[in-house]
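Observations on the three-dimensional arrangement
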There are 2 protein chains.
Amino acid sequence: MSNYSNLINEFIASLTIPKRPANLYDPIRYTLAQGGKRLRPELCLIACHTLGGNPKQALYPAVALELLHNFTLIHDDIMDQSELRRGQESVYKKWGSNTAILAGDTLLGLSYDLMLKHTTIGSNKCYSLMTTTFIQICEGQQMDMDFERRKVVPVEEYLEMIRLKTAVLLAACMKAGAISAHASPETQNAFYNFGINIGLAFQIQDDLLDVYSQTEKLGKTIGDDINTNKKTFLSTKAMELLQGEELAALKHYFTKIDFKRQEKFEGVKQLYDACHVKEAAMEQINGYYDKAFRILETLNLKADQTTELHEFTKRLMYREF
Amino acid sequence: MSNYSNLINEFIASLTIPKRPANLYDPIRYTLAQGGKRLRPELCLIACHTLGGNPKQALYPAVALELLHNFTLIHDDIMDQSELRRGQESVYKKWGSNTAILAGDTLLGLSYDLMLKHTTIGSNKCYSLMTTTFIQICEGQQMDMDFERRKVVPVEEYLEMIRLKTAVLLAACMKAGAISAHASPETQNAFYNFGINIGLAFQIQDDLLDVYSQTEKLGKTIGDDINTNKKTFLSTKAMELLQGEELAALKHYFTKIDFKRQEKFEGVKQLYDACHVKEAAMEQINGYYDKAFRILETLNLKADQTTELHEFTKRLMYREF
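Residues numbered from 1 in each chain as written. Chains lettered and ligands numbered in written order. Predicted model: local features only at pLDDT ≥ 70, side-chain atom pairs only at ≥ 80, totals over all residues. Heavy atoms only, no water.

**Describing the environment of A:Glu297**
Residues and elements named next belong to chain A. Spelled out, the test is: Secondary structure elements follow DSSP: runs of H or I no shorter than four residues count as helices, runs of E no shorter than two count as strands, and numbering proceeds from the N terminus. For every residue, the accessible area obtained with a 1.4 Å probe (protein chains only) is divided by the maximum for its type, and the residue is called buried under 20%, exposed over 50%, and partly exposed between those limits.
Following the sequence through the fold, Glu-297 ends up in helix α14 (residues 277-297). Given a relative accessible area of 58%, Glu-297 falls into the exposed group. Placed 150 residues apart in sequence, Glu-297 and Phe-147 show a C-alpha to C-alpha distance of 36 Å.

**Thoughts on the relation of the copies chain A and chain B**
In plain terms, the rule: To superpose the copies, least squares is applied to the C-alpha atoms of every residue with a pLDDT of at least 70 in both. Here a residue-residue contact requires only that any non-hydrogen atoms of the pair lie within 4.5 Å.
The two copies are related by a screw motion: chain A maps onto chain B through a turn of 180° and a shift of 0.0 Å along the axis, at an RMSD of 0.0 Å. A rotation of that kind, with that shift, is consistent with a two-fold axis. Using C-alpha coordinates, one finds that chain A approaches the rotation axis most closely at A:Ile101, a distance of 3.6 Å. Both copies share a contact surface, since 100% of the interface residues of chain A are interface residues in chain B too.

**As for the packing of aromatic side chains**
Definition in use: Only Phe, Tyr and Trp rings take part, Trp by its six-membered ring, and two of them pair if their centres are within 6.5 Å. Stacked means planes under 30 degrees apart, edge-to-face means over 60, and tilted covers everything else.
A full pass over the atoms with the stated rule returns 12 aromatic pairs over all chains. When the ring of A:Phe11 is compared with that of A:Tyr60, the centres are 5.0 Å apart and the planes differ by 80°; the resulting orientation is edge-to-face. Of the two residues, A:Phe11 is situated in helix α1 (residues 3-13) and A:Tyr60 in helix α4 (residues 59-79); the sequence distance between them amounts to 49 residues. Geometrically, the ring pair formed by B:Tyr30 and B:Trp95 is edge-to-face, given 5.2 Å between the ring centres and 80° between the ring planes. Residue B:Tyr30 is found in helix α2 (residues 22-34), and its partner B:Trp95 is found in helix α5 (residues 91-95); the two are separated by 65 residues along the sequence. Accessibility expressed as a relative area gives 29% for B:Trp95, which makes it partly exposed.

**Side note on the state of the cysteines**
By definition, a disulfide links the sulfur atoms of two cysteine residues through a covalent bond. What counts here: Disulfide assignment relies on a single distance test, namely cysteine sulfur atoms paired within 2.5 Å.
Enumeration according to the criterion identifies zero disulfides over all chains in this entry. Residue A:Cys138 stays outside any disulfide, its sulfur separated by 15 Å from that of B:Cys138, the closest cysteine. Residue classification places A:Cys138 among the buried positions, given a relative accessible area of 4%.

**Remarks on the side chain of B:Ser90**
Residues and elements named next belong to chain B. Applicable threshold: In protein, a polar contact requires one atom able to donate a hydrogen and another able to accept it; more generally it is a pair of N or O atoms within 3.5 Å, and residues adjacent in sequence count only if both atoms are side-chain atoms.
With respect to the helices and strands, Ser-90 occurs in the loop between β2 (88-89) and α5. For Ser-90, a relative accessible area of 1% puts it in the buried group. A distance of 3.1 Å separates a polar atom in the side chain of Ser-90 from the backbone nitrogen of Lys-93. Those residues in contact with Ser-90, other than ones at most four positions away along the chain, are Asp-77, Ser-82, Glu-83, Leu-84 and Arg-85.

**Some thoughts on the confidence of the model for chain A**
The condition is simple: What pLDDT reports is the predictor's confidence in each residue, on a scale of 0 through 100.
Averaged over all residues, the pLDDT of chain A equals 93, while 97% of them reach at least 70. In the predicted complex, the global pTM is 0.95; the interface-specific ipTM is 0.94.

**Describing the packing of helix α7 (residues 123-148) of chain A against α2(B)**
The condition is simple: Structural elements are reduced to axes, namely lines fitted to C-alpha atoms, with helices fitted over the stretch in contact, and the angle between N-to-C directions of any two is expressed from 0 to 180 degrees. Side-chain classes are defined by residue name, with Ala, Val, Leu, Ile, Met, Phe, Trp, Tyr, Cys and Pro counting as nonpolar, Asp, Glu, Lys and Arg as charged, and the others, Gly among them, as polar.
For the pair α7(A) and α2(B), interaxial distance at closest approach is 8 Å and the crossing angle is 115°. Contacts from A:Ile135, A:Cys138, A:Glu139, A:Gln142 and A:Asp146 in α7(A) reach B:Asn23, B:Leu24 and B:Tyr25 in α2(B). Grouping the amino acids of the contact of α7(A) with α2(B) by side-chain chemistry returns four nonpolar, two polar and two charged.

**Here we look at the interface of chain A and chain B**
Put simply, the rule reads: Computed with a 1.4 Å rolling probe, the buried area is the accessible surface lost when two parts are put together, summed over both parts. Here, a salt bridge means any Lys or Arg side-chain nitrogen found within 4 Å of an Asp or Glu carboxyl oxygen.
In this assembly, 35 residues from chain A lie in contact with 35 residues from chain B. Both sides of the chain A and chain B interface together cover about 2900 Å² of buried area, and 69% of this is carbon and sulfur. Linking chain A to chain B there are zero salt bridges. Taken together, chain A and chain B are joined by 10 residue pairs in polar contact (both at pLDDT 80 or more). Take the side of chain A that touches chain B: its biggest share by element is 13 residues, from α7(A).

**Looking at empty space enclosed by the protein**
Residue and element names in this part refer to chain A. Worth spelling out the cut-off: Note on definitions: the grid is 1 Å and covers protein atoms alone; a cavity is a set of points where a 1.4 Å probe fits but cannot get out; a pocket is an open set with protein on both sides within 12 Å along at least five of seven lines; lining residues have an atom within 4 Å of a point. Grid points are joined across faces, edges and corners, and a volume is the space filled by probe spheres set on the points.
Scanning all chains against the criterion turns up eight cavities of 30 Å³ or more. Volume-wise, the largest cavity comes out at about 80 Å³. Forming the walls of the largest cavity are 13 residues, and the residues nearest its centre are Thr-31, Gln-34, Ile-74, Asp-77 and Arg-85. Mapped onto the lining of the largest cavity, the elements with two or more residues apiece are α2 (22-34), α4 and α5 (91-95). Looking at which element gives the most residues to the lining of the largest cavity, the answer is α4, with four residues.

**A look at helix α12 (residues 244-255) of chain A**
All names here are of chain A. As a reminder, the rule being used: Every helix has an expected span of 1.5 Å times one less than the residues it contains. Starting at the helix axis, one direction is taken to each C-beta atom, and the arc is that of these directions.
Taking 1.5 Å of rise per residue, the 12 residues of α12 would be expected to cover 16 Å, and the 17 Å separating its terminal C-alpha atoms lies within 8% of that figure. Every buried residue of α12 is listed here: Leu-247, Leu-250, Tyr-253 and Phe-254. The buried residues of α12 occupy an angular sector of 120° when the element is viewed end-on, so they sit on one face. Exposed and oriented more than 90 degrees from the buried face of α12 are Gly-244 and Glu-245. Where α12 is buried, its residues touch α10 (224-227), α11 (233-241) and α13 (261-274).

**With respect to the packing of helix α11 (residues 233-241) of chain B against helix α14 (residues 277-297) of chain B**
All names here are of chain B. Rules: Crossing handedness follows the turn of the near helix against the far one: under a right angle anticlockwise gives a left-handed crossing, and clockwise gives a right-handed one.
With their axes 10 Å apart at the nearest point, α11 and α14 run at an angle of 115° to one another. Relative to α14, α11 is oriented so that their crossing is right-handed. In this structure, α11 uses Phe-233, Leu-234, Lys-237, Ala-238 and Leu-241 to contact α14, whose residues at the interface are Val-277, Ala-280, Ala-281 and Gln-284.

**Some remarks on the side chain of B:Ser180**
Residues and elements named next belong to chain B. Position of Ser-180 among the secondary structure elements: in helix α8 (residues 155-180). Overall, the relative accessible area of 2% leaves Ser-180 in the buried class. Within the structure, the side chain of Ser-180 is placed 2.8 Å from the backbone oxygen of Ala-176, a separation counted as a polar contact. What Ser-180 contacts, discounting residues up to four positions off in sequence, is Cys-48, Gln-57, Ala-58, Pro-61 and His-118.

**So, the pattern of salt bridges**
All names here are of chain A. Scanning the entire structure with this criterion turns up 20 salt bridges over all chains. As a salt-bridge pair, Lys-165 and Asp-144 come within 2.7 Å of each other at their nearest N and O atoms. Residue Lys-165 is located in helix α8 (residues 155-180), and its partner Asp-144 is located in helix α7; the two are separated by 21 residues in the primary sequence. The exposure class of Asp-144 is buried, given its relative accessible area of 5%.

Here it is, written out as structure tokens:
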């Protein structure tokens, strides 16, 4: 547990969540108690510290963006009918759709409330950043749902979807950290673009873990993406890499729905292995990480200033859950 | 069509709603095209004008609050499984729950986006006002849903529910208008409280129209509240006014679900008439309007300054849909 995690967890624990109506706020308390990795607010504090700010300066936007993230998860779980979240029942499963809709809405309200309490010089920029990010995440989620009804999605479109659904939030965390450190607009933008690149890498790592995770720590069931025909980097890239009978076999797996789960998982994995899509994914991930750090280099920061960002990124890169 | 309506409608028509993803933005365009009475933004412009401001100063917050209102309707219709909205199919009915959840979320994002573009002196106050209001509306909606599972709800609790679910938004429109006119904090608060009172009156008028509307203009089916056992001022007040067999009969109607719609409507209406709950509701409405204008009098505005608020309020009072 890093110092940043302590700061964040203490701050979240100190939030006053009203008691009533209990049916509204209990699911919110439950969600916050589930915790999660809280990587996003940590990234925000690191960004602020990297630029010479006190990490505490970025606590309000960091946690506001974490609440925004949790709001999106609550609503996503309804739309995806996901029963598990962080190894526990999702709000949707535990309380039903209506509660999940309204508790999600309210959590978003609390997120704005927190951002509005962030009253330093750059706070107006942070509100605007949060709103733009929030709208983009909705657009990404819509693209993701649209993809479910399409047989073939080009990798490029898939990458645009995860840029919106996942990467912009990590980018916003980086930028909010830079804003809180009173950095120049150029630095803010460079930090934003750094976040986009590690965000893309982060999501592709997620796609990899669904198939190749060795651990039980994932907090969700392995093979879910394959089972639900979800478009991932692996599936969209494999469609481009495979040909002939193998391509037909992959399409067949992702079209029919009457396979046994384990049989389908093994079959798809075999095709993935045949076209070395795992290696293609790792290459893509490394490409994004390289690009992220090349962006950072343009800022001419001192080597010891970027140590924390390097370490954080390494943890993302080699994470197993 | 008043000048205010023209201003508002033109402003909404001029909003740039993105084209893609179409499945996300089409339902938003549909919702905005449905229009509705747009009383809330009108109230906001009137409030601003009443205090000597140019109504146009209040356009951004007025329309932001109208979008917030539309967002709550889209999500409420999912939770209530309402198929009709403004005489047309609800987003929920036309596109399903998932689209309605996400389009609602996005509309809220657009609402914040608009509010953030309102960059005059009081804009920080407007963001904060909008967020507080948004959270309170969620609390009110939760109380409303909680009431569905309760046999008897005291009138006082019902009034607290509609204060949150309905009145705070009209109050916020009044206050945002006052903020936009650069009024003093005392005037802002008086305008807010005026809004609370006409908001409560507005909702009770709504409850009345469900049972006693003479027109076909309602845009929803008459008797819906009775049919779905919804708590209203009429049902909660009648529970207090009726006794003995009549009270038992009313409870029976609101507990059992196997009545024929028309039979139940006539039966409940007969009991309402027996205890003169219509008159009690009208007295309550008049009480709130009187209180609203007594609050206004404390501000010592000139008589001709309050003409528009009087006329607007009269329209609310005698509206038939």
